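If you want the building blocks of each chain, they are given just below.
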Amino acid sequence: MHELPAGFRYLPEYLDRLAQEAMVDEIRAVVAAAPLFVPRMPKTGKPMSVRMTNCGTLGWVTDQDRGYRYQELHPVTGLPWPPIPPVLLRLWQEVSGYPQPPEACLVNFYEGEAKMGLHQDRDERTFEAPVVSVSLGDQCLFRIGGTAHGAPTRSFRLSSGDVVVLGGESRLSFHGVDRVYPGTSTLLRNGGRINLTLRRVTP
DNA sequence: AAGTATCC
DNA sequence: GCCA
């Protein structure tokens, strides 16, 4: 049984059903303005299995030519990202302990066999602020390790309404999603899982 | 290690 | 089904 990295906070059932439904409505509006796109791996161009979009002044994107980065414009529409909904700014204020607001909210949509390989969130220009993650919809198997390659990992299920904070020592921990469990939530009519990650990019 | 394949 |  390995230790969880210091600064990792798991807040189960942080959002009640009504709050989750309100958040899904906000995300629907974000997706209407900034359509989901398929991110591609740097150099190889292999598609990731999730679809994604963003809200905020900066959004995380990746493609074959330019790789992982934050940018102000949607890669397909060329428009600025829609603003982060106030309810998410309030959540950040409640749990982040960071004085300034988040600049990016990455929206990852998992359906079917979608997963996310173990990785570090390290494209930001500051690691002082934590990463705040919200789970909506079907449960998933989440895995978190240490900051070093090859460090032991722990796995547990995340459910709709759970909030996870990666701060302190855990800010640069490797983490990922090994699988989604279909039919484990009624929040999204067509099933699947939405993960929102709020981030500060600049100091 | 933001990927996939393979093994137990 | 989950880990490495």
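Every chain is numbered independently, its residues counted from 1 as its sequence is written. Just so you know, chain letters begin at A and ligand numbers begin at 1, following the order they were written in. Residues qualify for local features only when their pLDDT is at least 70, as the model is predicted, and side-chain atom pairs are given and counted only at 80 or more; totals for whole chains, interfaces and linings, by contrast, use all residues. Side-chain measures here rest on the full set of heavy atoms in the structure, leaving out hydrogens and waters.

Asker: How should the packing of aromatic side chains be read in this particular structure?
Answerer: Aromatic pairing here means that ring centres of Phe, Tyr or Trp (its six-membered ring) are within 6.5 Å. Orientation follows from the plane angle: under 30 degrees is stacked, over 60 is edge-to-face, and everything else is tilted. Counting across every chain of the model gives six aromatic pairs. With 6.0 Å between their ring centres and 75° between their planes, Phe8 and Phe156 make a pair best called edge-to-face. Here Phe8, found in strand β1 (residues 8–11), pairs with Phe156, found in strand β9 (residues 154–158); they are 148 residues apart in sequence, far enough to count as distant. Throughout, exposure labels follow a simple rule: accessible area from a 1.4 Å probe, protein chains only, divided by the maximum for the residue type, with under 20% read as buried, over 50% as exposed, and the rest as partly exposed. By relative accessible area, Phe156 is classed as buried at 16%. Look at Phe142 and Phe156: their rings are 5.7 Å apart centre to centre, the planes differ by 65°, and that puts the pair in the edge-to-face class. Here Phe156 lies in strand β9 and Phe142 lies in strand β8 (residues 140–144), a separation of 14 residues in the sequence. An aromatic cluster is built from Phe8, Tyr10, Phe142 and Phe156, whose rings are joined through pairwise contacts. Lying over the aromatic face of Tyr181, Arg157 brings its terminal NZ or CZ to 3.6 Å of the ring centre. Here a strand is any run of E in DSSP of at least two residues, a helix any run of H or I of at least four, and the numbering for each starts at the N terminus. Think of it as a cone above the ring: NZ of Lys or CZ of Arg counts as a charge over the ring if it is within 6 Å of the ring centre and within 35 degrees of the ring normal.

Geometry only, nothing functional implied.
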